[in-house]
Amino acid sequence: MLKVVLHITLLLIGTAGLSGTLQAQEQATPEEVVQKVKDAAKYLSEAGEAGLKNFQSKDSEYVWKDTYVVVQNCETEQIAAHPIRPELAGSSFADAPAFGDLKSGQLGALLCETGQRPQGGWAEYLFPKPGGKEPSRKLSYSKAVGNTPYVVLGGIYDDKVTVEELEKIITE
């Protein structure tokens, strides 16, 4: 009997560990990214600069599944807050790595530009996946934060979906 209980206990522990592994690998959907970015824009428009601290930790509500929300200051052309790499706060767009056709600084400007559209917008670019070195196709949704110089953004890695398909999500 003790062997059966021990075996079941070990099986349950193993299953719980597997569940955690699968959750860690779960990918955010474009719809989730849009909603989370819109929520972040609303929060930051109400909290102002003091709210930036809520985007500076891996434990932030703006970190989920395989993605997170970043805050950029489009007036100063700097990263204002980054939950995965908080040390990047205050760094210039020009200091960011460049991949593909974009030169240093152009990615931040692109994300600010798309974020300034009335509903925000999606941008496509190459960027390494977390922990990776080789650039992959990334798509980010960015949205301006009312009455601030900030744009908030979150992204997905996807080789198939088009920017046109993603833009439809914004207007639904």
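Please refer to the structure placed before this passage.
Residues numbered from 1 in each chain as written. Predicted model: local features only at pLDDT ≥ 70, side-chain atom pairs only at ≥ 80, totals over all residues. Heavy atoms only, no water.

Caption draft 1: Focus on the overall build of the protein chain. Looking only at helices and strands, the protein chain features 4 helices and 7 strands. Ordering the α and β elements of the protein chain from the N terminus gives α-α-β-β-β-β-α-β-β-β-α. Within the protein chain, buried positions represent 38% of all 172 residues. When contacts within the protein chain are restricted to residue pairs at least 6 apart in sequence, long-range pairs at least 24 apart make up 51% of them. Of the accessible surface of the protein chain, which amounts to about 10300 Å², a share of 54% is contributed by carbon and sulfur atoms. (Helix = DSSP H or I, 4+ residues; strand = E, 2+ residues; numbered from the N terminus. Buried < 20%, exposed > 50% of the residue type's maximum accessible area, 1.4 Å probe, protein only. Contact = heavy atoms within 4.5 Å. Areas by Shrake-Rupley, 256 points an atom, 1.4 Å probe, with all protein chains shown as cover.)

Caption draft 2: Here's a closer look at the pattern of salt bridges. Applying the stated criterion across every chain yields a total of 5 salt bridges. R85 serves as the salt-bridge partner of E87, at 3.0 Å between the closest nitrogen and oxygen. Accessibility expressed as a relative area gives 54% for E87, which makes it exposed. Within the structure, one salt-bridge network assembled from shared partners comprises E26, E32 and K65. (Salt bridge = Lys/Arg side-chain N within 4 Å of Asp/Glu carboxyl O.)

Caption draft 3: Examining the state of the cysteines more closely. In total, this model carries 1 disulfide according to the counting rule given. C74 shares a disulfide with C112; S-S distance 2.0 Å. The disulfide joining C74 to C112 has a torsion of about -95° about its S-S bond and is therefore left-handed. Of this pair, C74 sits in the loop between β3 (70–73) and β4 (78–81) while C112 sits in helix α3 (residues 106–115), and the two are 38 residues apart along the sequence. Here C74 matches C112 in class, with each residue buried. (Disulfide = S-S within 2.5 Å.)

Caption draft 4: Layout of the packing of aromatic side chains. Enumeration over the complete set of coordinates arrives at 6 aromatic pairs. Aromatic pair Y43 and F55: ring centres 6.1 Å apart, planes at 45°, arrangement tilted. With Y43 in helix α2 (residues 30–47) and F55 in the loop between α2 and β1 (63–64), the pair connects residues that are 12 residues apart, well separated along the chain. With a relative accessible area of 0%, F55 lands in the buried category. With 6.2 Å between their ring centres and 35° between their planes, Y43 and Y62 make a pair best called tilted. With a gap of 19 residues between them, Y43 in helix α2 and Y62 in the loop between α2 and β1 connect regions that are remote in the sequence. Y62 sits in the buried class, given a relative accessible area of 4%. Members of the aromatic cluster, joined through ring pairs, are Y43, F55 and Y62. (Phe/Tyr/Trp six-rings, centres within 6.5 Å; stacked < 30°, edge-to-face > 60°.)

Caption draft 5: Broad picture of the packing of α2 against helix α4 (residues 163–171). The interhelical angle for the contact between α2 and α4, taken along N-to-C directions, is 50°, at an axis separation of 10 Å. Between α2 and α4, the angle is such that the two are oblique. Like other packed secondary-structure pairs, α2 and α4 cross with a definite hand, here right-handed. Here P30, E31, V34 and K38 of α2 come into contact with α4, specifically with L166, I169 and I170. Its residues assigned to classes, the contact of α2 with α4 shows 5 nonpolar, no polar and 2 charged. (Axes fitted to C-alpha atoms, helices over the stretch in contact; angles between N-to-C directions. Parallel < 35°, antiparallel > 145°, perpendicular 65-115°, else oblique. Left-handed = near helix turned anticlockwise from the far one by under 90°. Nonpolar A, V, L, I, M, F, W, Y, C, P; charged D, E, K, R; others polar.)

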